Amino acid sequence: MILDRLVPPMTGEVTVAMAAPPEEVWALVSDVTRIGEFSPETFEARWTRGSTGPEVGASFKGHVKRNGVGPTYWTPCQVTACEEPRLFEFSVGTDDVTVNSWGYRIEPDGAGGSRVTEYFRLSAALPFRAYWLVLGRLRRRTNANGMRTTLERMKQVVES
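What comes next is a walk through the structure. (Residues numbered from 1 in each chain as written. Predicted model: local features only at pLDDT ≥ 70, side-chain atom pairs only at ≥ 80, totals over all residues. Heavy atoms only, no water.)

**Section: the overall build of the chain**
Helices and strands together make up the secondary structure of the chain, namely three helices and seven strands. The order of α-helices and β-strands along the chain, N terminus first, is α-β-α-β-β-β-β-β-β-α. Principal axes of the C-alpha set define a box for the chain whose edges measure 45 × 35 × 30 Å. Among the 160 residues that make up the chain, the fraction classed as buried is 42%. Total accessible area on the chain stands at roughly 8,700 Å², and carbon and sulfur atoms take up 53% of it. The averaged location of the 19 negative side-chain charges in the chain is 10 Å from the averaged location of its 19 positive side-chain charges. (Helix = DSSP H or I, 4+ residues; strand = E, 2+ residues; numbered from the N terminus. Buried < 20%, exposed > 50% of the residue type's maximum accessible area, 1.4 Å probe, protein only. Areas by Shrake-Rupley, 256 points an atom, 1.4 Å probe, with all protein chains shown as cover. Lys, Arg positive; Asp, Glu negative; His and termini not counted. Charge placed at Lys NZ, Arg CZ, Asp CG, Glu CD.)

**Thoughts on the nonpolar core**
For soluble globular proteins, the rule of thumb is that nonpolar side chains tend to be buried together. Ranked by internal contacts, the top residues of the largest apolar core, which has 33 residues, are Met18, Val25, Phe60, Phe88, Leu151 and Met154. Of all the secondary structure elements, the ones that give two or more residues to this core are strand 1 (11–18), helix 2 (22–29), strand 2 (42–48), strand 4 (72–83), strand 5 (87–93), strand 6 (98–108), strand 7 (114–122) and helix 3 (126–159). For this core, the element with the highest residue contribution is helix 3, accounting for six residues. The residues contacting Phe60, other than those within four sequence positions of it, are Val32, Ala45, Arg46, Trp47, Thr48, Thr75, Pro76, Cys77, Val79 and Phe90. (Core = buried A, V, L, I, M, F, W, Y, C linked by side-chain atoms within 4.5 Å. Contact = heavy atoms within 4.5 Å.)

**Things to note about helix 2**
Burial in helix 2 covers these residues: Pro22, Val25, Trp26, Leu28 and Val29. For helix 2, the angular spread of the buried residues around the axis is 160 degrees, confining them to a single face. Each element contacted by the buried residues of helix 2 is listed here: strand 1, strand 4, strand 5, strand 6, strand 7 and helix 3. (Arc of directions from axis to C-beta.)

**Here we look at the layout of surface pockets**
In this structure, the largest pocket occupies an estimated 780 Å³ of space. If you trace the largest pocket, you find 41 residues lining it, with Glu41, Thr42, Val64, Val92 and Trp102 closest to the centre. For the lining of the largest pocket, the secondary-structure elements that each account for two or more residues are helix 2, strand 2, strand 3 (59–65), strand 4, strand 5, strand 6, strand 7 and helix 3. In terms of residue count, the dominant contributor to the lining of the largest pocket is helix 3 (nine residues). Each residue belonging to the lining of the largest pocket can be placed in one class, and the counts come to 24 nonpolar, 11 polar and six charged. Estimated volume of the second largest pocket: approximately 180 Å³. (1 Å grid on protein atoms, 1.4 Å probe; cavity = no way out; pocket = protein on both sides within 12 Å on 5 of 7 lines; lining within 4 Å. Points joined across faces, edges and corners; volume = space filled by probe spheres on them. Nonpolar A, V, L, I, M, F, W, Y, C, P; charged D, E, K, R; others polar.)

**Considering the pattern of salt bridges**
For the structure shown, the criterion picks out seven salt bridges. Across the salt bridge formed by Arg121 and Glu89, the nearest N and O atoms sit 3.1 Å from each other. Of this pair, Arg121 sits in strand 7 while Glu89 sits in strand 5, and the two are 32 residues apart along the sequence. Under the relative-accessibility criterion, Arg121 is labelled partly exposed at 36%. (Salt bridge = Lys/Arg side-chain N within 4 Å of Asp/Glu carboxyl O.)

**A word on helix 3**
Relative to the 50 Å expected for 34 residues at 1.5 Å per residue, helix 3 spans just 42 Å between its end C-alpha atoms, considerably shorter than the ideal helical length. Phe128, Arg129, Trp132, Gly136, Arg139, Asn143, Gly146, Met147, Thr150, Leu151, Met154 and Val158 are the residues of helix 3 that are buried. (Expected span 1.5 Å × (residues − 1).)

**Regarding the state of the cysteines**
This structure, assessed with the given rule, holds zero disulfides. A disulfide-free cysteine, Cys77 has its sulfur positioned 14 Å from the sulfur of Cys82, the nearest such atom. Residue classification places Cys77 among the buried positions, given a relative accessible area of 7%. (Disulfide = S-S within 2.5 Å.)

Right, dumping it as structure tokens:
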């Protein structure tokens, strides 16, 4: 498809080494109620629809301040992958439309620590492709900076 060749990959990721075992890191990244301590954009989150913790299908909503300055809004999310202690992923959007997916991959480093990768994937639907074509470079940079900030703040917690 021509569109696939015109629009660059709508993804990004950042990896940070942490001197903490994967189990400890996983407990932190999968506790969505703590994201406000770390993220420059999502300043709070809470489990919804009867969900109380991380499991595939669990729902939560995040309170976001776009680009750290506004506008402010709530985003519905659903856990799509939950494999303790190595993977936690969730989609953002409604039951009918997924806007993007975010996740954390955690790998042991062989020395008692972890390599932690935060990543995102934007939906491949046409409206999102158009957005990415126009603003993708800026948003990818913003997301990369935000992911690095989030992971570095998490690193401070798990290494203290």
